[in-house]
Amino acid sequence: MEKFDLDAQKALMTALADVYPDLMPADEAAAILPAETRDFNWVYLQHSSLIKVERKLRHPEDMSKESTVEILGVRITASGIDLLRKP
């Protein structure tokens, strides 16, 4: 199977468009992609600006500890919506 899976990417973007402007949990969104190609396509979509993983930096009260990043969810971008609208 090829790593680049256009059908799976479109399925993910369609699912994200269905809940837009709300966020979809990142693990639920990633699970839409087939396991064999998930890692490659997940990274590809993020770097192509078709989807956006929303994150929030959490600063600790104790400044001697490191800050953490919380993943809030995933959203389709305007570029992703435009791509879905193309015939």
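Before reading on, note that the structure itself is shown above.
What counts, and at which threshold
- Residues numbered from 1 in each chain as written.
- Predicted model: local features only at pLDDT ≥ 70, side-chain atom pairs only at ≥ 80, totals over all residues.
- Heavy atoms only, no water.
- Salt bridge = Lys/Arg side-chain N within 4 Å of Asp/Glu carboxyl O.
- Helix = DSSP H or I, 4+ residues; strand = E, 2+ residues; numbered from the N terminus.
- Patch = residues over 30% accessible without salt bridge, like charges linked within 9 Å, V, L, I, M, F, W, Y side chains within 5 Å.
- Areas by Shrake-Rupley, 256 points an atom, 1.4 Å probe, with all protein chains shown as cover.
- Buried < 20%, exposed > 50% of the residue type's maximum accessible area, 1.4 Å probe, protein only.
- Arc of directions from axis to C-beta.
- Contact = heavy atoms within 4.5 Å.
- Phe/Tyr/Trp six-rings, centres within 6.5 Å; stacked < 30°, edge-to-face > 60°.

Colleague: So what about the pattern of salt bridges? Which residues, and what values?
Modeller: By the definition in use, this model includes 3 salt bridges. The residue glutamate 54 makes a salt bridge to arginine 75 at a minimum N-O spacing of 3.3 Å. Here glutamate 54, found in strand 1 (residues 51-58), pairs with arginine 75, found in strand 2 (residues 68-76); they are 21 residues apart in sequence, far enough to count as distant. The salt bridge involving glutamate 70 is made with arginine 58; its shortest N-O contact spans 2.4 Å.

Colleague: Account for a nonpolar patch on the surface, with residues named and values stated.
Modeller: On the surface, a cluster of nonpolar side chains totalling about 350 Å² of accessible area is made up of Phe4, Leu6, Phe40 and Tyr44. Relative to the elements of secondary structure, phenylalanine 4 occurs in the segment before helix 1 (6-19).

Colleague: So what's going on with helix 3 (residues 38-47)? Residues and values would help.
Modeller: Think of an α-helix as 3.6 residues a turn; residues three or four steps apart then line up on the same face. For helix 3, every residue scored as buried is listed here: Asn41, Trp42 and Leu45. Down the axis, helix 3 shows its buried residues gathered within 105 degrees of arc, on one side only. Exposed residues on helix 3 whose side chains face more than 90 degrees from its buried face are Asp39 and His47. Where helix 3 is buried, its residues touch helix 1, helix 2 (26-31), strand 1 and strand 2. Where helix 3 ends, the next residue or the one after it, serine 49, has phi of about 65 degrees, a positive value.

Colleague: I'd like a rundown of the packing of aromatic side chains, residues and numbers included.
Modeller: Using the criterion set out here, one finds 2 aromatic pairs in the structure. When the centroid spacing of 5.1 Å and the interplanar angle of 90 degrees are considered together, the rings of phenylalanine 4 and tyrosine 44 count as edge-to-face. Remark: tyrosine 44 occurs in helix 3 and phenylalanine 4 occurs in the segment before helix 1; sequence separation between them is 40 residues. You can call phenylalanine 4 partly exposed: its relative accessible area is 36%. Taken together, a centroid distance of 6.4 Å and an interplanar angle of 15 degrees make the contact between phenylalanine 40 and tyrosine 44 stacked. Separated by 4 residues within a single helix, phenylalanine 40 and tyrosine 44 lie in helix 3, roughly one turn from each other.

All we've got here are geometric facts, nothing functional implied.
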